[in-house]
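Survey of secondary and tertiary structure
Residue-level listing of the chains:
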Amino acid sequence: MFHGVSAITTWYLGMINNAGYTALAAGDTYVNITQAGDQWGEFTAYTDAANGASASTRPTWTEGAASGQAITNGSPVVFDITDTGTVKGLFLVGGIANAQNKSNHEAGGVLWATALFGTGDVAVNAADQLKVTYTVSA
């Protein structure tokens, strides 16, 4: 991937919670997600539709083919919402097997990117389904 290290082959999408949000920062790291003093936290009130409706896992982001200097997931990532809240954006993590687990923030995990929704915050309610596509551009 970079600096001659092995490529991370599996990436997971998480959602940025509007509650407690103040800013995204270039210095944000995987270990700091939802930790005291961080400027944003993870919205976890959902189940992972593609993983047996698991309440503890983040869904996998499966990239499509590169086109026009961008890569987008081929089909939407589905979050089945389980409680009321507001989602501010998304983040992409990987690098360790436990990166799939919402509760995991251990050393070795990689926070690749954070992004706010271009259309603004998204209010969600229990039983809503949020379907997202995520594009990496170069």
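Refer to the preceding data block for the structure.
What follows deals with the pairing of strand E1 (residues 11-17). Judged by how many residues are buried, E1 sits mostly within the fold: seven of seven residues are covered. Of the strand pairs in this sheet, E1 and strand E4 (residues 60-61) are connected by two bridges, and their pairing is antiparallel. By the bridge assignment, tryptophan 11 is partnered in E4 with tryptophan 61. Where E1 and strand E2 (residues 41-43) come together, three bridges link them in antiparallel fashion. Each residue of the ladder has a partner; that of isoleucine 16, found in E2, is glutamate 42.

Right, let's get into unusual backbone geometry. At glutamine 69, a residue that is not glycine, the phi angle is positive and equals roughly 65°. Along the polypeptide, glutamine 69 turns up in the loop between E4 and strand E5 (70-72). Given the relative accessible area of 63%, glutamine 69 is considered exposed. A positive phi angle, near 80°, is found at alanine 127, a position not held by glycine. Relative to the helices and strands, alanine 127 resides in the loop between strand E9 (122-124) and strand E10 (129-132). Assessed through its relative accessible area of 75%, alanine 127 is described here as exposed.

Looking at where glutamate 42 falls in the secondary structure, it is placed in strand E2. In contact with glutamate 42, not counting residues within four places along its chain, are Gly14, Met15, Asn17, Ile33, Thr34, Arg58, Phe91, Lys102 and His105.

Within the open sheet, the three strands sit side by side as E3-E6-E10. Their pairing is antiparallel. Two strands in the sheet have a free side with no partner beyond their single neighbour: strand E3 (46-48) and E10. Strand-to-strand twist across the sheet, computed as the mean angle between neighbouring axes with direction ignored, equals 30°.

Glancing now at the environment of glycine 74. The topology assignment puts glycine 74 in the loop between E5 and strand E6 (77-81). Linking glycine 74 and leucine 116, residues 42 residues apart in sequence, is a C-alpha distance of 20 Å. Dropping the residues within four chain positions of it, glycine 74 is found in contact with Thr62 and Gly64.

The full count for this structure, using the stated rule, is four aromatic pairs. Between the aromatic rings of tryptophan 61 and tyrosine 134, the centroid separation amounts to 6.1 Å while the plane-to-plane angle is 85°, which identifies the pairing as edge-to-face. Residue tryptophan 61 is found in strand E4, and its partner tyrosine 134 is found in the loop between E10 and strand E11 (135-137); the two are separated by 73 residues along the sequence. Like tryptophan 61, the residue tyrosine 134 is buried in the burial classification. The aromatic ring of tyrosine 46 is capped on one face by lysine 102, whose charged end is 3.8 Å from the ring centroid.

What counts as what
- Residues numbered from 1 in each chain as written.
- Predicted model: local features only at pLDDT ≥ 70, side-chain atom pairs only at ≥ 80, totals over all residues.
- Heavy atoms only, no water.
- Buried < 20%, exposed > 50% of the residue type's maximum accessible area, 1.4 Å probe, protein only.
- Helix = DSSP H or I, 4+ residues; strand = E, 2+ residues; numbered from the N terminus.
- Pairing = 2+ DSSP bridges.
- Contact = heavy atoms within 4.5 Å.
- Axes fitted to C-alpha atoms, helices over the stretch in contact; angles between N-to-C directions.
- Phe/Tyr/Trp six-rings, centres within 6.5 Å; stacked < 30°, edge-to-face > 60°.
- Lys NZ or Arg CZ within 6 Å of the ring centre and 35° of its normal.

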